[in-house]
Amino acid sequence: MKNNFLYKLVLLFCISLLGISMLGNAQIVLPTYPDSIFNTYYHQRYSLFKSMPNLAGSMQNDMGTLPYSKRDIVFLGNSINDGSEWYELFNDIRIKNRGISGDMTPGILHRLKEVTDRKPAKVFLMIGINDLGRGVSPDSVVKNILLVNDYIQQESPSTKVFIESILPVNASFGKFPGQVSKGTQVIRANQLLKDASAKHRFEYIDLHSKFVDAQGLLDAKYTNDGLHLIGAGYQHWRHLIYPKVFGLTEKPALIPMPKEVNWKEGYFQLHAGKTLKEQVTIELVDGITEAYELSVSPTQIIIKAATQHGVFNAMQTLQQLARNGQTIDAVEIKDAPAFAWRGYMIDVGRNYLSMDLLKQQIDIMAKYKLNVFHFHATEDIAWRIAIKQYPQLTAPEHMLRNKGMYYTEAEIKELIAYCKARNILFVPEIDMPGHSAAFKRAMKVDMQSDSGIVYVKNILKEFCTTYDVPYIHIGADEVKITNPNFIPEVTKYIQSFGKKVIGWQPGGNFLDSTIRQLWMDDLGKITNDKQVQYIDSRHLYLNHMDPLEAVTTIFNRQLANRNSGDDNALGAIICTWHDRAIATQEDVLKMNPVYPAMMAFAERSWRGGGQPGWIANISDGDEKAFAEFESRLLNHQQQHFNSSDARGIKYSFPYQAQSSIKWKLYDAKDKLVKTVTGGTVVLRHWWAPLIKGAIDSIKPNQIWYATTQIWSEENATKPFWIGFNNISRSPATDSPHAFAWNEHHATVMVNGTIIPPPEWKRAGQKGNAEIPLVDEGYEYREPTMIPLKKGWNDVRIKIPIGKLSGKDWQNPAKYMFTFVPVVR
């Protein structure tokens, strides 16, 4: 009785304190309590919590701020929290259990500083049933809960607070009469919490409605005493809050989004000890090669498809649906691709990449249903395909980079098999007669000479009879044709082995049977003849693209000038041509937006549609659709690309959220000209007028300004990507000058303070294709750290305009800027 009396006194004190703290912006000071009102178990648990290491607190004091993604996720509450092994349930060591059996809202307040000192990323709070069980009114309980929330936000402003509804109760078990008799009060308290969420800036999670049975009681399948949960209850809880814990969309983010998705009630519980495929019923039906239907209900998973490839596509979607590893939301999906060819090309002729890194890229292709791997393996720099008849082709002395590095017959067969197992078509490219300087160094003749064509035919015979591939790409662009018979003769020779031929357009004097891969806007020259098939790679060269602009332009892009493929328009291929030398093989994926762009391309090439032409800025496309796609993209970045693959190679994913950043563009007279959206804004595209920029009226010797505001929950120094000339990885572009962001002396100001440019490692370096880039691009150098104040921070960017033509083709005029917060 004494403890109950003291509890009520403390509660009244807390409520009065809350009233004071909510007047204006008064500083919240937690009340102090006599130890005697808390039981032995409370003190045991609390002393343990206080003894645990506090990494965030120590870093804040000594080393700066612990990255948000590495901070604790705290589950705070009473016995219902205490009864779970949260970090095991979610398989995440960041999750800390701060539940104490029997605890009430005063107990939470008494130990709250231990939580806030940790500066957690998130707090999940469920408390109040024990208060209600002691006769405290719902209004009083909720006032205390709001005090907990407000104190957390005061002391740890970057912490996201989730207040979970009090769970329902069930008196039929005959236990805990004080608590289980308070069903009506529980509903009242939950409604008050929901109503207060906006004002007090927390997210309310309604668990109550998901745990009740038809009579409004705690469902007996989740409890054995009417108050606490059994394993099934915790698993259900996990399923409901999983997206909140990890900052994901409510339903699994699917890329590419299927044609038809209809979410249903409930979910399928995966069975431990069985693979995902072992839990699926597969039915073969009539239909399109890659099409499938997928049905998930609480009792079964059914895949219907006409082919193994269709089943494979369904399994990729199912893997994404099974994001939490234990449950799959009920859903009905009908799906089929818009284009037959959805490809990715990698240039290994200029820069050798290991088999492991190639396999990583193929794995990601398969995950997102790309089905053509274009392997560009011969170049002026090196010939990287082993030819038994002519071993000199791969001799180190005939290579200019990665000398002696090439792909053996066994390795190429391994790549072909690796692709085939993932329903990916392997398309090798042996470039001829252009891009063949390495051939000439090794063979001492030009390809187009009489002896050269003999060598080429011998190479092709060995290749065609050694490898099981249906297509051979011959390149044939960027070359002066001195022998008009070369391309037709080589084409017919390849076809004699039952292979189909692909070539670049614009390119050589192809036969009509040659599939054209477009690299410039040359479509009109081939579409008059309906027999000619083509693949679109126009403005799909990732090496030329800014990472943020790449996702924007590819997402909005109409491929092959069609909403969907047909007998002529086969599809499209994105390409990575990293012409410049690299310091490490991983630089190809760090310096080019391969995986973010691949996912945008997977979405567009699977779903079709898009807008004609080329979109450089978010504002010129479908902003709403882009923002929705970006949320899915960021989900996948967080789930799949923040670690290393099974081979130990770290994923590179150069992308940050940009769809919510709004800019006002002003001219030199401070006149507002336009409002645009994005982390990267292209004022004038370097390929203008083919590609539209944000400002059509830009002229030489002008000055433009861009302003925005960035919100910060606290005074803190935070990382940003900043740039003004995202250097293409192809031409030999000069490095920036010392003490300048770019050659035009652009500036960045935050809250009136100039942000200095990086200390460039190669400031003023004349462009050289054999000197690797190191820090010239914002996406592969350390972010710029900027002090922010609590609240809104003013950003002002100055962009002087010089010549519109650029210094030379290696240094095009790029009038653009990037300013985007980096989430780590």
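Note that the coordinates shown come from a computational prediction; the quantities given were computed from them, not determined experimentally.

**Student:** Which parts of the structure should I look at to understand the pattern of salt bridges?
**Tutor:** Side-chain pairs of opposite charge can arise where the charged atoms are in close proximity. Applying the stated criterion to the full structure yields 34 salt bridges. Here Glu114 makes a salt bridge to Arg98, at a shortest N to O gap of 3.3 Å. Remark: Arg98 occurs in strand E2 (residues 95-99) and Glu114 occurs in helix H7 (residues 112-116); sequence separation between them is 16 residues.

**Student:** Quick question: what am I supposed to make of the sheet that holds strand E25 (residues 753-754) here?
**Tutor:** Sheet strands associate in pairs through backbone hydrogen bonding, adopting either a parallel or an antiparallel arrangement. One open sheet holds the 6 strands; their spatial order is E20-E19-E22-E27-E24-E25, and the pairing between them is antiparallel. Two strands lie at the open edges of the sheet, namely strand E20 (672-677) and E25, each paired on one side alone. Bridge analysis of strand E22 (residues 703-712) against strand E27 (residues 791-800) gives 10 bridges, and the strand direction is antiparallel. Note that in E27 the partner of Ile710 across the bridge is Asn793.

**Student:** What's the story with the sheet that holds E2 in this structure? I'm lost.
**Tutor:** Pairing in this open sheet of 5 strands is parallel, and the strands run E2-E1-E3-E4-E5 from one edge to the other. With partners counted over all chains shown, the strands left at the sheet margins are E2 and strand E5 (203-205), one partner each. Neighbour to neighbour, the strand axes of the sheet diverge by 20° on average, direction disregarded. Here strand E1 (residues 73-77) runs beside E2; their pairing, made up of 5 bridges, is parallel. Bridge pairing in E2 links Ile73 to Ile95. Lying on the sheet, helix H13 (residues 231-246) is in contact with E1, E2, strand E3 (122-126), strand E4 (160-164) and E5; it crosses E3 at an angle near 150°.

**Student:** Would you mind going over helix H23 (residues 594-607) with me for this structure?
**Tutor:** Since one α-helical turn is 3.6 residues long, residues separated by three or four positions face the same way. A rise of 1.5 Å per residue sets the reference length of H23, with its 14 residues, at 20 Å; its end C-alpha atoms lie 20 Å apart and thus fit the reference within 8%. H23 sits mainly inside the fold: 13 of its 14 residues count as buried. Just beyond H23, the residue with positive phi is Gly608, at close to 75°.

**Student:** What's the story with the environment of Gly503 in this structure? I'm lost.
**Tutor:** Along the chain, the position of Gly503 falls in strand E15 (residues 500-505). On the basis of relative accessible area, Gly503 is assigned to the buried category, the value being 0%. Between the alpha carbons of Gly503 and Thr707 there is a distance of 46 Å; along the sequence they are 204 residues apart. Discounting residues that sit within four places of it in the chain, Gly503 has contacts with His473, Gly475, Phe510, Thr514, Ile515, Arg516 and Gln517.

**Student:** How do you make sense of the packing of helix H9 (residues 138-155) against helix H11 (residues 183-200) when you look at a structure like this?
**Tutor:** Axis angle and axis distance: for two packed helices, these are the angle between their axes and the distance between the axes, and together they describe the pair. Relative orientation of the contacting elements H9 and H11 amounts to 35°, with a least axis distance of 9 Å. As H9 packs across H11, the resulting crossing turns out to be right-handed. Here Pro138, Asp139, Val142, Ile145, Leu146, Asn149, Asp150 and Gln153 of H9 lie close against H11, whose contacting residues are Gln185, Arg188, Ala189, Leu192, Leu193, Ala196 and His200. Of the residues contributing to the contact of H9 with H11, the split by class is 8 nonpolar, 4 polar and 3 charged.

**Student:** Please explain the packing of helix H21 (residues 547-556) against H23 as it appears in this structure.
**Tutor:** Packing of H21 against H23 leaves a shortest axis separation of 8 Å and a crossing angle of 10°. Viewed along their axes, H21 and H23 adopt a mutual orientation that is roughly parallel. Residue-level inspection shows Ala550, Val551, Ile554, Phe555 and Asn556 of H21 in contact with H23, the latter providing Pro596, Ala597, Ala600, Phe601, Glu603 and Arg604. Residues of the contact of H21 with H23, tallied by class, amount to 8 nonpolar, 1 polar and 2 charged.

**Student:** I'm lost on the environment of Lys662 in this one. Help?
**Tutor:** Examined against the element boundaries, Lys662 turns out to sit in strand E19 (residues 662-666). Given a relative accessible area of 42%, Lys662 falls into the partly exposed group. Spatially, the C-alpha atoms of Lys662 and Leu89 are 39 Å apart, while their sequence positions differ by 573 residues. Each residue touching Lys662, except ones within four places of it in the same chain, is listed here: Glu623, Val676, Thr677, Thr707 and Thr708. Looking at Lys662, its side chain comes within polar contact range of the side chain of Glu623, at 3.1 Å. Of the polar contacts made by the side chain of Lys662, one reaches the side chain of Thr677; its length is 3.1 Å.

Basis of the calculations
Residues numbered from 1 in each chain as written. Predicted model: local features only at pLDDT ≥ 70, side-chain atom pairs only at ≥ 80, totals over all residues. Heavy atoms only, no water. Salt bridge = Lys/Arg side-chain N within 4 Å of Asp/Glu carboxyl O. Helix = DSSP H or I, 4+ residues; strand = E, 2+ residues; numbered from the N terminus. Pairing = 2+ DSSP bridges. Axes fitted to C-alpha atoms, helices over the stretch in contact; angles between N-to-C directions. Contact = heavy atoms within 4.5 Å. Expected span 1.5 Å × (residues − 1). Buried < 20%, exposed > 50% of the residue type's maximum accessible area, 1.4 Å probe, protein only. Left-handed = near helix turned anticlockwise from the far one by under 90°. Nonpolar A, V, L, I, M, F, W, Y, C, P; charged D, E, K, R; others polar. Parallel < 35°, antiparallel > 145°, perpendicular 65-115°, else oblique. Polar contact = N/O pair within 3.5 Å; in protein donor to acceptor, adjacent residues only side chain to side chain.

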